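Descriptive analysis of the structure
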Amino acid sequence: MAIPERNMMFINTNWYKQEELPMMVSHEIGHMLNGDSCYMYDHSNIGKISSEGAANKVAIDLLLQYCKDYDIHFNSYIMFLQQFCIPLRYEYIVKKKMVMN
């Protein structure tokens, strides 16, 4: 959970799928960077869908930058998706960004 207006973020580090934590943390950082209000979900389902997608896009950028900074390479974008447990609906974004780099 991210609460940008209070500059707070909560992560359950005991999550049962530990391999999902890097994407989860990056996703919440995405909400923080985007300034998404956690209260907006009470008003609009469309707003929630939009902000979740935007947070995932930021998360992908952060993870790609992390890999670049630490010289971590993947043979394919599919391996990147699998390594960071990124939903397949973001395959086109990852593919496009990995080709550009």
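Attention in this report is confined to the structure presented alongside it. (Residues numbered from 1 in each chain as written. Predicted model: local features only at pLDDT ≥ 70, side-chain atom pairs only at ≥ 80, totals over all residues. Heavy atoms only, no water.)

**Some words on the nonpolar core**
Test applied: Nine residue types can take part in a nonpolar core, namely buried Ala, Val, Leu, Ile, Met, Phe, Trp, Tyr and Cys, and a core is a set of them joined through side-chain atoms within 4.5 Å. Three labels apply to residues, based on accessible area from a 1.4 Å probe with only protein chains included: buried if under 20% of the type maximum, exposed if over 50%, partly exposed otherwise in between. Secondary structure elements are taken from DSSP: a helix is a run of H or I of four residues or more, a strand is a run of E of two residues or more, and numbering for both begins at the N terminus. Contact between two residues is taken to exist if any of their heavy atoms lie within 4.5 Å; hydrogens are not considered.
If you look at the biggest cluster of nonpolar residues, it comprises 14 residues, and the most contacted ones within it are I60, L63, F80, F84 and I86. Elements with a contribution of two residues or more to this core: α2 (45–69), α3 (77–83) and α4 (91–100). Per element, the largest residue contribution to this core is five residues, and it comes from α2. Apart from the residues lying within four places of it in its own chain, the contact partners of F80 are I60, L63, L64, C67, F74, I86, V94 and M98.

**A word on unusual backbone geometry**
In this structure, N7 takes a positive phi of about 55 degrees despite not being glycine. Within the secondary structure, N7 is located in the loop between β1 (2–3) and β2 (8–9). The phi torsion at D71 lies on the positive side, around 55 degrees, for a residue other than glycine. Within the secondary structure layout, D71 lies in the loop between α2 and α3. With relative accessibility at 56%, the residue D71 sits in the exposed group.

**Observations regarding the side chain of N56**
Applied cut-off: Throughout this description, a polar contact denotes any pair of N or O atoms lying within 3.5 Å of each other; where both atoms belong to protein, one of them has to be capable of donating a hydrogen while the other can accept it, and for residues adjacent in sequence the pair is counted only when both atoms sit in side chains.
With respect to the helices, strands and loops of the structure, N56 is situated in helix α2. When its relative accessible area of 9% is taken as the criterion, N56 is described as buried. Among the polar contacts made by the side chain of N56, one reaches the side chain of H27 at a distance of 2.7 Å. Among residues more than four places away in sequence, those in contact with N56 are M23, H27 and Y90.

**Looking at the environment of N7**
For N7, a relative accessible area of 66% puts it in the exposed group. With 25 residues separating them in the primary sequence, N7 and M32 have C-alpha atoms 7.5 Å apart.

**A short note on the pattern of salt bridges**
The line we're drawing: Basic side-chain nitrogens of Lys or Arg form a salt bridge, by our definition, when they fall within 4 Å of a carboxyl oxygen of Asp or Glu.
Inspection of every chain in the model, using the stated rule, returns two salt bridges. For E20, the salt bridge is made with K17, and the minimal N-O distance between the two is 3.9 Å. Between K97 and D61 there is a salt bridge; the shortest N-O distance is 2.8 Å. Taken as a pair, K97 in helix α4 and D61 in helix α2 lie far apart in primary sequence, 36 residues in all. Using a relative accessible area of 24% as the deciding quantity, one classes K97 as partly exposed.

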